[in-house]
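Coordinates in review
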Amino acid sequence: MNEKITTLDEFIFKRQNDFEYAAGELTALLRDIGVAAKIINREVNRAGLVNILGVQGDTNFTGDTVQKLDIYANDKIIECLKNSGMCCGVASEENDDYIPFPALFSKFGNYVVLMDPLDGSSNIDVNVSVGTIFAIYRRTSPSDGPATLEDFLQKGIKQVAAGYVLYGTSTILVYTTGKGVNGFTLDPSIGEFCLSHRDIMIPARGNYYSVNQGYYLKFDLEMRRYIDYCSDENLGLRYIGSMVADVHRIMFQGGIFLYPSTRRHPQGKLRLLYECNPMSFIVEQAGGKAISCDLNRIMEMEANALHQKSSIAIGSPDMVDEMQAFIEKYSAQRG
Ligand code: AHG
Ligand code: MN
Ligand code: MN
């Protein structure tokens, strides 16, 4: 007999007692992110139709300005969060500064959200998977005033929830509140995210490594050695160019994703607060590991600026350990 379908809303509601703070607040916030994800999904799915639906220049047939999808996604999530009333502000890869919500919208707003509204957006025009990443923290500033920069510059270990949505062959929302990781696939026929992947655990190892090998000569010597080792070990190379999609594969098949420092990006390219921290929280909750390529645990890194970058190695625990051992060995040899 088939198992009864559990929708995302039902699941969040059932699990709300796992949470140490006022239960309903986080529940409402996660639900609103789920709603934003459905709206973005609809738009991502229509992306290829834009030109036959009457768009001229940057204006569509109803006279509305057509936005780039990453800006559209950004606006939709901000709108949903603002209306949730549980959030006092948001920081996004798409905005230079954080956005505090007016008291009218955030009277009970004990949370801040940090996000990458559309990850891998250069893949959109060619029908390759993209994603959304979010991290939720409790504010540290007094709840009767506006959100402050400090609310957003917290270490990753302070996250109370994090998740991603992958708009792929199917659309899946994966999230954690620090009690394991669960995945919900969008059933388009009923418009609901349904529990499809319970208690996700990353395999200790996998058969693939994932890195932009085109930059090989721009990586440090230690990293090049490790990549040579992966290749010597007959690991396959898989690199989509959307972190969400690459890490999602690793969640199920195992493997390691690397975005090391390069000469062009000495601190790495990916953003600590919007990409590295939330993906690390999810991966660690699934039994994996995430460190920078100079071997600091991502979630313990100090955040000094909203758009701070970090190098990252993330994925199967044994493979991240092995990479760490390599870097240590070859750095010691270099002295
Ligand atoms: P975004 O589209 O949010 O700017 O992120 C793209 C990121 C990440 O998803 C991906 O892994 C990486 O950039 C790809 O960068 P390279 O093209 O330098 O490999
Ligand atoms: Mn991104
Ligand atoms: Mn982005």
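Residues numbered from 1 in each chain as written. Chains lettered and ligands numbered in written order. Predicted model: local features only at pLDDT ≥ 70, side-chain atom pairs only at ≥ 80, totals over all residues. Heavy atoms only, no water.

Once that is clear, we can look at the site of ligand 1. Taken together, 18 residues lie around ligand 1, and Asp119, Gly120, Asn212, Tyr239 and Tyr259 are the ones closest in. The backbone of Ser121 places a nitrogen or oxygen atom 3.0 Å from an oxygen atom of ligand 1. Tyr259 places a polar side-chain atom, nitrogen or oxygen, 2.6 Å from an oxygen atom of ligand 1. In isolation ligand 1 has 470 Å² of accessible area, and contact with the protein removes 84% of it. Secondary-structure elements contributing two or more residues to the shell around ligand 1 are strand 3 (111-119), strand 11 (256-259) and strand 12 (270-271). Ranked by residues supplied to the shell around ligand 1, first place goes to strand 3 with 3 residues. Residues of the shell around ligand 1, tallied by class, amount to 7 nonpolar, 5 polar and 6 charged. Counting residues domain by domain, the shell around ligand 1 receives three or more from each of domain 1 (8-197) and domain 2 (208-334). (Near = heavy atom within 4 Å. Polar contact = N/O pair within 3.5 Å; in protein donor to acceptor, adjacent residues only side chain to side chain. Areas by Shrake-Rupley, 256 points an atom, 1.4 Å probe, with all protein chains shown as cover. Helix = DSSP H or I, 4+ residues; strand = E, 2+ residues; numbered from the N terminus. Nonpolar A, V, L, I, M, F, W, Y, C, P; charged D, E, K, R; others polar. Domains from an automatic or database assignment.)

It is worth spelling out the pattern of salt bridges at this point. Per the stated rule, a full pass over the model turns up 14 salt bridges. Here Lys4 and Glu10 are joined by a salt bridge, their closest N and O atoms 3.7 Å apart. The closest approach of N and O atoms between Glu322 and Arg205, which form a salt bridge, is 2.8 Å. Of this pair, Glu322 sits in helix 9 (residues 317-334) while Arg205 sits in the loop between strand 8 (192-197) and strand 9 (208-210), placing them 117 residues apart in sequence. We classify Arg205 as partly exposed; its relative accessible area is 42%. Sharing partners across several salt bridges, the network here consists of Arg42, Glu43 and Arg46. (Salt bridge = Lys/Arg side-chain N within 4 Å of Asp/Glu carboxyl O. Buried < 20%, exposed > 50% of the residue type's maximum accessible area, 1.4 Å probe, protein only.)

Ordered in space as 2-1-3-4-5-6-7-8, the 8 strands form an open sheet in which the pairing is mixed. Bordering the open sheet on either side are strand 2 (99-100) and strand 8, each of which pairs with just one other strand. Sheet topology places strand 4 (residues 130-138) next to strand 5 (residues 159-167); 8 bridges connect them, and they run antiparallel. Bridging from a neighbouring strand, Gly131 pairs with Leu166 of strand 5. Packing of helix 3 (residues 69-84) onto the sheet brings it into contact with strand 1 (87-92), strand 2, strand 3 and strand 4, and relative to strand 3 it is tilted by some 160°. Helix-sheet contacts for helix 7 (residues 243-253) involve strand 3, strand 4, strand 5, strand 6 (171-176), strand 7 (181-187) and strand 8, and the interaxial angle to strand 5 is about 100°. (Pairing = 2+ DSSP bridges. Contact = heavy atoms within 4.5 Å. Axes fitted to C-alpha atoms, helices over the stretch in contact; angles between N-to-C directions.)

Any two of four tetrahedral donors ideally make an angle of 109.5 degrees at the metal, while pairs among six octahedral donors ideally make 90 or 180 degrees. Within the protein, the manganese ion (ligand 2) binds to Asp116 (OD), Asp119 (OD) and Glu275 (OE); these donor distances fall in the range 1.9 to 2.2 Å. Here the manganese ion (ligand 3) and the manganese ion (ligand 2) are spaced 3.8 Å from one another, each receiving a donor from Asp116. Here the residue Asp119 occupies a position in strand 3, and Glu275 occupies one in helix 8 (residues 272-285), the gap between them amounting to 156 residues. The two residues Asp119 and Glu275 agree in class, both being buried. (Donors = N, O, S within 2.8 Å, 3.2 Å for Na, K, Ca; no water.)

Relative to each other, helix 7 and helix 8 sit at 15°, their axes nearing to 12 Å. Between helix 7 and helix 8, the angle is such that the two are roughly parallel. In this structure, helix 7 crosses over helix 8, and the sense of that crossing is right-handed. Along the contact surface, helix 7 presents Met243, Val244, Val247 and Met251, while helix 8 presents Glu275, Met279, Ile282 and Val283. When its residues are assigned to classes, the contact of helix 7 with helix 8 shows 7 nonpolar, no polar and 1 charged. (Parallel < 35°, antiparallel > 145°, perpendicular 65-115°, else oblique. Left-handed = near helix turned anticlockwise from the far one by under 90°.)

This brings us to the sheet that holds strand 15 (residues 312-315). With respect to topology, 5 strands assemble into an open sheet ordered 10-9-11-15-13, the strand pairing being mixed. Of all strands in the sheet, those with a lone pairing partner are strand 10 (236-237) and strand 13 (289-291), marking the two edges. Note that strand 9 and strand 11 share 2 bridges and pair parallel. Among the inter-strand pairings, Tyr209 is bridged to a residue of strand 11, identified as Ile256.

Turning next to the side chain of Glu43. In this structure, Glu43 sits in helix 2 (residues 23-45). Using a relative accessible area of 18% as the deciding quantity, one classes Glu43 as buried. Those residues in contact with Glu43 that sit more than four places away from it in its chain are Leu69 and Tyr72.

A separate point is the packing of helix 6 (residues 221-232) against helix 9. Packing of helix 6 against helix 9 brings their axes to within 9 Å, and their N-to-C directions diverge by 135°. The pairing of helix 6 with helix 9 is recorded here as oblique in orientation. Crossing of helix 6 over helix 9 shows right-handed handedness. Judged by residue contacts, Leu221, Glu222, Met223, Arg225, Tyr226 and Tyr229 of helix 6 engage Met319, Glu322, Met323, Phe326, Ile327, Tyr330, Ser331 and Arg334 from helix 9. Class assignment of the residues belonging to the contact of helix 6 with helix 9 gives a composition of 9 nonpolar, 1 polar and 4 charged.

As a further point, take the domain arrangement of the protein chain. Split into domains, the protein chain comes out as domain 1 (8-197) and domain 2 (208-334). Of note, the centres of domain 1 and domain 2, computed from C-alpha atoms alone, are 25 Å apart. Between domain 1 and domain 2, the buried area comes to about 2,700 Å², and carbon and sulfur atoms account for 67% of it. Along the contact surface separating domain 1 from domain 2 lie 2 salt bridges. In this structure, Glu93 engages Arg271 in a salt bridge whose closest nitrogen and oxygen atoms are separated by 3.4 Å. Inspection of the region where domain 1 meets domain 2 yields 13 residue pairs in polar contact (both at pLDDT 80 or more). Contributing elements (two or more residues each) for the side of domain 1 that touches domain 2: strand 1, strand 3, strand 4, helix 5 (149-152), strand 5 and strand 6. The dominant element in the side of domain 1 that touches domain 2, judged by the number of residues it contributes, is strand 5, at 8 residues. (Buried area = accessible area lost by both parts, 1.4 Å probe.)

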